[in-house]
Amino acid sequence: MARIDNIVKQRQEKLQRIRQRGIDPYPHRYHRTHSAKEAIALFQRWEAARENAPFTEVSLAGRIVASRPMGKATFMDIRDGSGKIQVYFKSDSLGEEGYELLRELDIGDIIGVRGRVFRTRSGEVTLSASHLSILSKSLQPLPEKWHGLADVEKRYRQRYLDLISNEEVGRIFALRSRVMAAIRRFLDERGFVEVETPVLHHTAGGALARPFTTYHQALDQELYLRIATELHLKRLIVGGLDKVYEIGRIFRNEGISTKHNPEFTMLESYEAYADYQDVMNMVEEMVSFIAEEVLHTTKVSFGGDTLDLSPPWPRMTLRDAITDKCGIDFEQHLDEDSLRRQMEAIGMDVVEVKGRGKLIDKLISTFVEPNTIQPTFVMDYPIEISPLAKRKPGSESLVERFEAFAGGMEIANAFTELNDPLEQRERFKDQERLRALIGDEETERMDEDFLLALEHGMPPTGGLGVGIDRLVMLLTDQHSIREVILFPQLRTR
C-alpha cells in the first residue's frame, strides 16, 4: 500500500507540473478523426494503392498501455475501443518542449496525437506524432499485471480495470451487444413488437421465485421488483397485440452461483395462436440465427465440447430424460412420499426438499441439466412446477412445457400458455395452499388483475423465456455468469 501511495503522490506532482506549464490535463473535448483500427486500415489501403500522394495526417486518442523511451525518441502503444496502435515521438517533430512533456506521462494516461502513419522497419504500422495533447492524467496506476489482470474479485468489482487489462473481456461484451441486436432482428422480422412492462409489481408473479421487496413512499405500499415479465406481456396478448417480446432485467432473491445472479437479463416472447411446438421450432431457428450472425458458424466450442446449434434439436420427454439418467420414473410415483423414498434409495439427500414438484425439480437439476450437453428440448413437465402452462391433452398430471438445455445449462423455458381463467384461478389457489403448508416462498401468487384480464379472453398462446446471460456464456465459452455480466452482484466489502 505504501508503494501505491508513493506512485499516486508522484503522479499528483506530475499533474501539478503539467498545470504549471499552462496545460489543462482534463480538457473538454478532443477532435479525433479516426479510431486506431480505422487509421491502420486507411494506411493499408493507401499502401495497396501505391499512390505518390503523401499519407494525410490523422488524429487519434487512447490510453497509454506501453512506453519505450530511446533517448531522443520514444515509442508508445495507445489503445482505444477499437484496438491498439504504436505511436512514435521524436524531439525533431514535437520540439524540445513538447518532447519534454513526455516525462510527465505515465501508463494509464489518455492522450491525443496527430501525425502521419508509416510502417517501421520491423513492419509495424505506426503513427509519427507531430502534436501531443494530454486528455486525462491518470492518478492511479494500472495493476502491475495490467496485460492480464487475474484477481477475479478485483476484475468483477473494478470492471473498468478488467476492460483496460484484458482485451478478451471487451470482445465478450461487444459480442453480447451483437447477440441482443440479432435477437431483435430475428423477432422484428417475424412481426413481433418490442414492448416495455413495469419493473415494480404489486404482485410478484410469472415465475416460481422469491422476490425482492421495496417500498413506495407516496403510495404508502410495498412493491416487488419483477421476477418475470410474463403476466404483463400476456395482458397485451389479451389486448390484441398478437406477437410481443421484451428484453429486460429480472430480479430474483436467490443464491449466487456460476449460473445465477440476482439480477439478470431475460427475453420473453408471446405469440397468439401458437403452442409450445411452434415455440420449439422458433427457438432452434433463433439460436442458430444468432450464432451465424455473431460467430458466422452454428458450431461452438463449450468446455471442450463442440455444440451444434443448427436445427433440428433432439426432443425428449422429461419422463424419459430422468428415467434414462437415473432410472426413476416419476409418473410411477404420483405422491410425494413414494417419490422421496425412491430418490433416497439411489442415495439422494432430499430431507429438506418439500413437495412432489420440488423433488422432480431436484431430479432435473441433478441428472438432466448438467448431463445435457448438445442442445436438446426436454418437454412435458409435471403440473406442480408449471402453474401457468396448459395441461397436456389426455393427461391430468402433465402440461405442455419445455426447457431447452445446452452445455449443461438451461437456456430457455416455454409453455403453451394456460388461458382458461377458472383453471388458472384454481392453480393459483393450489400454489397458495402449498405456500401455507410448507412455507415455500418460491410459489406463484394469486394475481387478481391478471385473472381479470384472462376473463376477457386470451387466445391460444405460445410463450417463451430465454436467459440472455446463459446464451452469451454458451456462445463465448464462459463458465461463470459473472464473466458475461458487466457488473455482477458482489458482497459488500
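This text follows the structure it describes.
Residues numbered from 1 in each chain as written. Predicted model: local features only at pLDDT ≥ 70, side-chain atom pairs only at ≥ 80, totals over all residues. Heavy atoms only, no water.

J.: Before we go on, may I ask you to explain helix 3 (residues 91–100) in this structure?
T.: Every α-helix winds through 3.6 residues per turn, so residues three or four apart in the chain are directed the same way. Those residues of helix 3 lying buried are Ser91, Leu94 and Tyr99. Taken down its axis, helix 3 places every buried residue within 110° of arc, on the same side. Where helix 3 is buried, its residues contact strand 2 (73–80), strand 3 (83–90) and strand 5 (125–136). (Buried < 20%, exposed > 50% of the residue type's maximum accessible area, 1.4 Å probe, protein only. Helix = DSSP H or I, 4+ residues; strand = E, 2+ residues; numbered from the N terminus. Arc of directions from axis to C-beta. Contact = heavy atoms within 4.5 Å.)

J.: Mind showing me how you'd approach the packing of aromatic side chains here?
T.: How two aromatic rings sit relative to each other is given by the distance of their centres and the angle of their planes. All chains considered together, the criterion is met by nine aromatic pairs. An angle of 70° between the planes, with centres 5.6 Å apart, marks the rings of Phe43 and Phe55 as edge-to-face. Separated by 12 residues along the polypeptide, Phe43 in helix 2 (residues 36–49) and Phe55 in the loop between helix 2 and strand 1 (58–70) bring together distant segments of the chain. For the pair formed by Phe43 and Phe55, the shared burial category is buried. Taking the centre distance of 5.1 Å and the plane angle of 25° together, the rings of Trp313 and Phe377 count as stacked. Of the two residues, Trp313 sits in the loop between strand 13 (305–308) and strand 14 (315–317) while Phe377 sits in strand 15 (residues 376–382), which places them 64 residues apart along the sequence. Pair check on accessibility: Trp313 and Phe377 agree, each one buried. Members of the aromatic cluster, joined through ring pairs, are Phe43, Trp46 and Phe55. One cation-aromatic arrangement involves Arg190 over Phe186; the distance from NZ or CZ to the ring centre is 3.5 Å. (Phe/Tyr/Trp six-rings, centres within 6.5 Å; stacked < 30°, edge-to-face > 60°. Lys NZ or Arg CZ within 6 Å of the ring centre and 35° of its normal.)

J.: What's the story with the pattern of salt bridges in this structure? I'm lost.
T.: Note on pairing: side chains with opposite charge can pair once their charged atoms come close. The full count for this structure, using the stated rule, is 43 salt bridges. A salt bridge links Glu13 to Lys9, with the nearest nitrogen and oxygen atoms 2.8 Å apart. Linking Glu13 with Lys9, this pair stays in helix 1 (residues 2–20), spanning four residues, or about one helical turn. By relative accessible area, which is 47% here, Lys9 ends up partly exposed. For Asp109, the salt bridge goes to Lys137, with nearest N and O atoms at 2.8 Å. Of this pair, Asp109 sits in the loop between helix 3 and strand 4 (110–119) while Lys137 sits in the loop between strand 5 and helix 4 (152–157), placing them 28 residues apart in sequence. Overall, Asp109 belongs to the buried group, its relative accessible area being 0%. (Salt bridge = Lys/Arg side-chain N within 4 Å of Asp/Glu carboxyl O.)

J.: I'm lost on the sheet that holds strand 11 (residues 263–272) in this one. Help?
T.: Through backbone hydrogen bonds, the strands of a sheet pair up, either in parallel or in antiparallel fashion. Ordered by their spatial adjacency, eight strands build an open sheet running 6-10-11-18-17-16-15-14, and the pairing between neighbours is mixed. Strand pairing shows two members of the sheet lacking a second neighbour, strand 6 (193–194) and strand 14, which therefore form its edges. Strand direction decides the pairing type here: strand 14 and strand 15, joined by three bridges, are parallel. By the bridge assignment for strand 15, Met316 is matched with Val378. (Pairing = 2+ DSSP bridges.)

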